[in-house]
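Take a look at the letters that make up each chain.
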Amino acid sequence: MENKRGSWASNIGFLMAAIGSAVGLGNIWGFPYKMGKCGGFSFLIVYLLLAIFVGMIIMASELALGRKTRKSPIAAYQAVSKKYSWLGWLAVIAPFLIMTFYSVLGGYCIYYIAINLGGLFSGNMPDSSSFGAMLTSIPVSIGILVAFMVICMLIVAGGVSGGIEKFNKIGMPALAVMLVIIIIKSWTLPNAGEGLKFMFVPGYAVKGGFIDQSPDFISILGTAGGQMFFSLSLAMGAMITYGSYLDKGENLVKNSVIIVVSDTLVALMAGLAVIPAAVANGINSGKAVSEIKLNGPNLLFSTLQDVFHDMGRVGGLFGIIFYLLVLIAAISSAISLMEVLTAHFIDKAHEQGKEADRKKVTLIVSAVITLVGLLVAADGLGSNGFSPAEIFHSANVKGWNDCWLDFMDTWSEGIAMPVGAMLMGIMIGGELGPDFILDEIHSGEKSSGFDKFYKICVTYVVPVVMCFVLAGQMKDFFGNSAASYIIAIVILVIFAAWTYLTKKKAAK
Ligand code: PHE
């Protein structure tokens, strides 16, 4: 039986859930394209370095913070820090914003499973025109959003081990098998090699004619850093919450390494499945490489649907397998975001001496997400005339010049995430001291060689790297890189000075 707050039934169950949170839409459409665009293997190396020196460190810190306090993010930050108690709010608002568009994209997967099923039976395979048709039909977009939210709600209402863990223990292995099937199919298409070159050969994206210009090193750092954080579900409260259900005896460093490695492997596998198929089919149907859309929602919902269309009836089968695997990836991430919000209200009630009913809390959380999600769904990626760009007439300010989906994404992934991670580094390095977290990581056992590495990374590497990531993300925001650097560095310096100087004073 679960206790009132919930806990994982086993470490492997926890790992499946944490990997499920990490593996999501970010892996499937973000990683492969960004890798190609940013120089193939060179991007992979930057990504891996960031994952080891920053991602792994924050992963272990979040799990430790959750387990030490046994609380969801807001209460966890309040329990450990005077100066940064408010940071927990960022780790709750950001997942809410992400959910408002993640749920819409999850709904799209349900729609695509349905139309491929239709194609399989009727022999009349849908093509990329389905995307526009879906986006401009407001009732359809809303219906699939609601369907996705109901599935997630039922899982989260089932509890930590009874719902979330159970789903992931079946879902994650199933996802891996389906991914392998799609990779095999994808590689046997003629011209698939061009896609592999796009992904892995440095500079090929430009040489092969996929894009005009390679990005500079700072943009690569910003892109890789942003991608890494989003993909590993960091600075979103998710890992703090999942860590709070973890047994004291489990090894946090080992678990963090497993999560980071698995997430990266799945991202690479997703690339091996998706990019060769999209490129091969584009070339085979006579398109110029520069016309093949390899980025954003278009890749998944129009470019790939054309691939399945061109396979004829059997494409229906591969389409179902593919969109089902994307749907599982989306659900397993969405439930971790919802659990952040659900756990918050359950803990809050507990603080007031009451017991919250998990089912009721999940219902309310789901309803509020769906309400705001309606706006994103009905907007249809800006197809229906009421996106921020249309309302605010602001041509050049990112976040305001786009559709509602990009608007939500800019504030959550673009701003809240790097700021949250940077400040977490300063809080641990400057206010709490790394030993505070290391004690929990070792939970009573003696320290290891990891400690030195952790101390240097969390105190220096994390804040500085996140400052660059923030600047990289803000560059699009202001369309001006000098201003972005100045703002990011000013934020870093102000918070670091505030934290370290006031600490010295107190020590005197
Ligand atoms: N990691 C998920 C993905 O790659 C997204 C996510 C971010 C999930 C933050 C939970 C928390 O799609």
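Note: the structure precedes this text.
All of these numbers come straight from a predicted model, not from anything done at the bench.

Draft legend 1. Representation of the site of the ligand within the structure. Around the ligand, the surrounding shell holds 14 residues, and the nearest of these are Ala 22, Leu 25, Gly 26, Tyr 102 and Phe 230. Taking Leu 25, its main chain carries an N or O atom lying 3.0 Å from an oxygen atom of the ligand. Contacts to the ligand include Gly 26, whose backbone N or O atom sits 2.9 Å from an oxygen atom. Relative to its unbound accessible surface of 320 Å², the ligand loses 100% to contact with the protein. The site holding the ligand turns out to be the largest cavity. Partitioning the shell around the ligand into residue classes produces six nonpolar, eight polar and no charged.

Draft legend 2. Local environment of the pattern of salt bridges. One pass over the full model with this rule turns up six salt bridges. For Asp 347, the salt bridge is made with Arg 5, and the minimal N-O distance between the two is 2.9 Å. Residue Asp 347 is found in helix 15 (residues 313-351), and its partner Arg 5 is found in the segment before helix 1 (11-22); the two are separated by 342 residues along the sequence. Neither Asp 347 nor Arg 5 differs from the other in exposure class; each is buried. Two residues, Glu 440 and Lys 248, come together in a salt bridge whose shortest N-O distance is 3.1 Å. Of this pair, Glu 440 sits in helix 19 (residues 434-442) while Lys 248 sits in the loop between helix 12 (238-243) and helix 13 (252-284), and the two are 192 residues apart along the sequence.

Draft legend 3. Structural detail: the environment of Lys 68. Its place among the elements puts Lys 68 in helix 3 (residues 41-69). A residue is classified by how much of its surface remains accessible, and Lys 68, at 31% relative accessible area, is partly exposed. Placed 56 residues apart in sequence, Lys 68 and Asn 124 show a C-alpha to C-alpha distance of 56 Å. In contact with Lys 68, other than residues within four places in its own chain, are Lys 248, Phe 436, Asp 439 and Glu 440. A polar atom in the side chain of Lys 68 sits 3.1 Å from the backbone oxygen of Phe 436.

Draft legend 4. Structural context of the environment of Phe 468. Counting through the fold element by element, Phe 468 comes out in helix 20 (residues 450-478). Residue Phe 468 is classed as partly exposed on the basis of its relative accessible area, which comes to 32%. Sequence separation of Phe 468 and Leu 221 is 247 residues, and the distance between their C-alpha atoms is 7.5 Å. Sequence-distant contacts of Phe 468, that is, excluding residues within four places in its chain, are made with Ile 218, Leu 221 and Tyr 485.

Thresholds applied
Residues numbered from 1 in each chain as written. Predicted model: local features only at pLDDT ≥ 70, side-chain atom pairs only at ≥ 80, totals over all residues. Heavy atoms only, no water. Near = heavy atom within 4 Å. Polar contact = N/O pair within 3.5 Å; in protein donor to acceptor, adjacent residues only side chain to side chain. Areas by Shrake-Rupley, 256 points an atom, 1.4 Å probe, with all protein chains shown as cover. 1 Å grid on protein atoms, 1.4 Å probe; cavity = no way out; pocket = protein on both sides within 12 Å on 5 of 7 lines; lining within 4 Å. Sits in = over half its atoms within 2 Å of the grid points. Nonpolar A, V, L, I, M, F, W, Y, C, P; charged D, E, K, R; others polar. Salt bridge = Lys/Arg side-chain N within 4 Å of Asp/Glu carboxyl O. Helix = DSSP H or I, 4+ residues; strand = E, 2+ residues; numbered from the N terminus. Buried < 20%, exposed > 50% of the residue type's maximum accessible area, 1.4 Å probe, protein only. Contact = heavy atoms within 4.5 Å.

Everything listed here is a matter of coordinates, which is why it stays silent on function.
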